[in-house]
Amino acid sequence: MFKKLNGATMLAIAALLSACGGGGGGTDGGSANSGGAATASFSIGGTVSGLAAGKQVVLQNNAGDSLTVSANAAFTFAGKLNQNASYAVTVATQPVAQTCTVSNGTGSNVVANISNVAVNCVTDIAGVVATLAGGAWGAVDGTGTAAGFDNPVGIATDGSNVYVSDMFSSTIRKIAISTGAVTTLAGKAYASGSTDGIGVAARFDYPKGLYADGANLYVTSNATVRKIVMATGAVTTLAGKYMTFGNTDGTGSTALFNNPWGITGDGVNLYVTDLGSHTIRKIVIATGEVTTLVGRAGLSGSNDGYGVAALFKEPWGITTDKSSLYVTDSANQTIRKIVLATTEVTTLAGKPGVVGNSNGTGAAASFKSPIGIATDGTNLFVSDSDNHTLRKIVIATGAVSTLAGTAGSLGSSDGSGAAARFYYPFGVATDGSSLYVADRGYHLIRKIR
């Protein structure tokens, strides 16, 4: 016979069964389904970089889960997603005077924790113009306005110094950003040629485009591309042949250029606007091998397309965000984009053959001889030379605005926005927080913040 259990005993047995999982379904941190199996859940996160001290950015996941980040560090949203769910990380509130963008921010079918969302913040450039150096005419070393230039056209920066290709003096100049002190890094004033050597022993013939990779400068000069070691001023010829013009692909001196001008790089390759050939050339830095990336030598036009199907008309300036190239297609009055992975060319802003100074988006904007170009990864900055202005283009939308200067009003006045004046601005470079402009007409180097 069974012994009858009292009420207290029955309650104790029920509690024991519950603790052991009996009597119903359980979870492992997710939500239970009808069969009792737990649904896994995963976190969404990544890193923030470039956020200025004292600033904060508000992020959202799927337009709901909000997170305020106040330092450059890893972040993780508090809310978790069930297995196979989707996520979409966006910037809900930008930091003051900065713009943050998200990469790797979307995904679906989540089956693990996500930690590779990247939020990059850059300081907005407000358009306040000051003169960093120049005022005297000629290849005069000195500080600030005591220094002189003769048609500065190309410009680059390593964050501490600005480097200038002083075209008519055939020299490469160096400016300390903190003091405005100008010295001559390589070349001898008004002694042109193509001699390799160190410092004053080297010779250039109308140096033009300039690109800095942190250790070296690369310069387009005559029909060649030269390399300068920043620390020593040692100059060598990487590709091309002095006074020998053409469009031949090849290695080193067997490659030919026809008025190479703009130059940029991604750490492995250099990209050069071969203005006279209407093409964009690629140079492998390690070997000096030159190939034609896009465009067709000797044939000008404005066609979008891939590789040789795309056409340019006097492409001048060039910059890169490492995934795409951006080119000032000067005679077409447009800004073009080249996707490096596919060689696809599209027109980002401006309309072929339409000259003007209109702000607007895409084809609604107009330019007048756009020359220099630089990027902070979010925006493009263009010297609209014949308008005597600096323009800004939002890469994601193609929206064009005037950052500084007034179209048709030339001069050398420092000031903010439309109150500032330029006289044929050429090369443009950025260190992420400021722009540097080779203002050719009055032989000045300007700084914009």
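Note that the structure is predicted; figures quoted are calculated from it, not measured.

**Quick notes on the pattern of salt bridges**
And then number 1: All told, the structure shown has 10 salt bridges when counted by the stated rule.
And then number 2: Arg391 is the partner of Asp384 in a salt bridge, and the nearest nitrogen-oxygen pair spans 2.7 Å.
And then number 3: On the accessibility criterion, Asp384 (0% relative accessible area) is buried.
And then number 4: Assessed through its relative accessible area of 1%, Arg391 is described here as buried.
And then number 5: Overlapping salt bridges bring together Asp141, Asp166 and Arg173 as one network.

**Focus: the packing of aromatic side chains**
And then number 1: Scanning the entire structure with this criterion turns up eight aromatic pairs.
And then number 2: Seen from their ring centres, Trp261 and Trp316 are 4.9 Å apart, and the 65° between their planes marks the pair as edge-to-face. Here the residue Trp261 occupies a position in strand S25 (residues 260-265), and Trp316 occupies one in strand S30 (residues 315-320), the gap between them amounting to 55 residues.
And then number 3: Among the aromatic residues, those joined into a cluster by ring pairs are Trp261, Trp316 and Phe426.
And then number 4: Positioned above the aromatic ring of Phe257 is the side chain of Arg281, whose terminal nitrogen or guanidinium carbon lies 5.0 Å from the ring centre.

**Section: the environment of Ile44**
And then number 1: As for its position among the elements, Ile44 is in strand S2 (residues 44-49).
And then number 2: The spacing of Ile44 and Asp304 is 260 residues in sequence and 39 Å in space, taken between C-alpha atoms.

**Regarding the side chain of Thr375**
And then number 1: Its place among the elements puts Thr375 in strand S35 (residues 370-375).
And then number 2: Owing to a relative accessible area of 13%, Thr375 belongs among the buried residues under this scheme.
And then number 3: A polar contact of 3.0 Å, which involves the side chain of Thr375, links it to the backbone nitrogen of Gly377.
And then number 4: At 2.8 Å, the side chain of Thr375 and the backbone oxygen of Asn379 are in polar contact.

**Concerning the confidence of the model for the chain**
And then number 1: Averaged over every residue, the pLDDT of the chain is 92; the share at 70 or more is 92%.
And then number 2: Note on residues 1-34: pLDDT is under 50 here. Beyond four places in sequence and across chains, it has 16 contacts.

**Some words on the environment of Pro425**
And then number 1: Relative to the helices and strands, Pro425 resides in strand S40 (residues 425-430).
And then number 2: Pro425 sits 214 residues away from Tyr211 along the chain, and the two C-alpha atoms are 17 Å apart.

**Considerations on the side chain of His278**
And then number 1: Relative to the elements of secondary structure, His278 occurs in the loop between strand S26 (269-274) and strand S27 (279-284).
And then number 2: Among the residues examined, His278 registers a relative accessible area of 14% and is labelled buried.
And then number 3: Only 3.1 Å separates the side chain of His278 from the backbone nitrogen of Glu314, close enough to count as a polar contact.
And then number 4: When sequence neighbours within four positions are dropped, the list of residues in contact with His278 reads Gly295, Arg296, Gly298, Leu299, Ser300, Phe312, Lys313, Glu314 and Pro315.

**Overview of the pairing of S30**
And then number 1: Summarising burial for S30: six of the six residues are buried, a large majority.
And then number 2: As judged from the four bridges shared by S30 and strand S31 (residues 324-329), these two strands associate in the antiparallel manner. Bridged to Thr319 within S31 is Tyr326.
And then number 3: Linking S30 back to S31 in an antiparallel pair, the connection comprises three residues, with Lys322 at a positive phi of about 85°.

**Details of the state of the cysteines**
And then number 1: This model, assessed by the stated rule, comprises one disulfide.
And then number 2: Across a sulfur-sulfur distance of 2.1 Å, Cys100 and Cys121 are joined as a disulfide pair. Taking the sign of the S-S torsion, 105° for the link of Cys100 and Cys121, the bridge is right-handed. Pair noted here: Cys100 is in strand S8 (residues 98-103) and Cys121 is in strand S10 (residues 114-123), with a separation of 21 residues, a long-range link.
And then number 3: Judged by relative accessible area, Cys100 falls into the buried class, the value being 4%.
And then number 4: Of the residues examined, Cys121 reaches a relative accessible area of 4% and is grouped as buried.

**Comments concerning a nonpolar patch on the surface**
And then number 1: Together, Tyr242, Met243 and Phe245 make up an exposed nonpolar region whose accessible area comes to about 300 Å².
And then number 2: Secondary-structure assignment places Phe245 in the loop between strand S23 (234-240) and strand S24 (250-251).
And then number 3: On the basis of relative accessible area, Phe245 is assigned to the partly exposed category, the value being 42%.

**Some details on the sheet that holds S30**
And then number 1: Within the open sheet, the five strands sit side by side as S29-S33-S32-S31-S30. Their pairing is antiparallel. Strands at the two margins of the open sheet, each flanked by one partner only, are strand S29 (305-306) and S30.

**What about unusual backbone geometry?**
And then number 1: Residue Asn62 is not a glycine yet carries a positive backbone phi of 55°.
And then number 2: Among the structural elements, Asn62 can be located in the loop between strand S3 (57-61) and strand S4 (65-69).
And then number 3: One non-glycine residue, Asn104, lies in positive phi territory at about 55°.
And then number 4: The residue Asn104 is located in the loop between S8 and strand S9 (106-107) in this model.
And then number 5: With a relative accessible area of 46%, Asn104 lands in the partly exposed category.

**Regarding the sheet that holds strand S22 (residues 224-229)**
And then number 1: The strand order S19-S23-S22-S21-S20 describes an open sheet built from five strands, whose pairing is antiparallel. If you trace the sheet from one side to the other, it starts and ends with strand S19 (197-198) and strand S20 (207-212), each paired once.
And then number 2: Sheet analysis places S22 next to S23, joined by five bridges and oriented antiparallel. Paired with Thr224 across the bridge in S23 is Gly240.

**Topic: the pairing of strand S28 (residues 289-294)**
And then number 1: Of the pairings in the sheet, the one linking S24 to S28 comprises two bridges and is antiparallel in character. Each residue of the ladder has a partner; that of Gly250, found in S28, is Val290.
And then number 2: Examined bridge by bridge, S27 and S28 share five bridges and lie antiparallel to one another. Counterpart to Ile283 in the pairing with S28 is Val290.
And then number 3: Following S27, the chain reverses through four residues before pairing antiparallel with S28; Gly288 in that reversal takes a positive phi of roughly 80°.

Reading the values: the criteria
- Residues numbered from 1 in each chain as written.
- Predicted model: local features only at pLDDT ≥ 70, side-chain atom pairs only at ≥ 80, totals over all residues.
- Heavy atoms only, no water.
- Salt bridge = Lys/Arg side-chain N within 4 Å of Asp/Glu carboxyl O.
- Buried < 20%, exposed > 50% of the residue type's maximum accessible area, 1.4 Å probe, protein only.
- Phe/Tyr/Trp six-rings, centres within 6.5 Å; stacked < 30°, edge-to-face > 60°.
- Helix = DSSP H or I, 4+ residues; strand = E, 2+ residues; numbered from the N terminus.
- Lys NZ or Arg CZ within 6 Å of the ring centre and 35° of its normal.
- Polar contact = N/O pair within 3.5 Å; in protein donor to acceptor, adjacent residues only side chain to side chain.
- pLDDT = per-residue confidence, 0-100.
- Contact = heavy atoms within 4.5 Å.
- Pairing = 2+ DSSP bridges.
- Disulfide = S-S within 2.5 Å.
- Patch = residues over 30% accessible without salt bridge, like charges linked within 9 Å, V, L, I, M, F, W, Y side chains within 5 Å.
- Areas by Shrake-Rupley, 256 points an atom, 1.4 Å probe, with all protein chains shown as cover.

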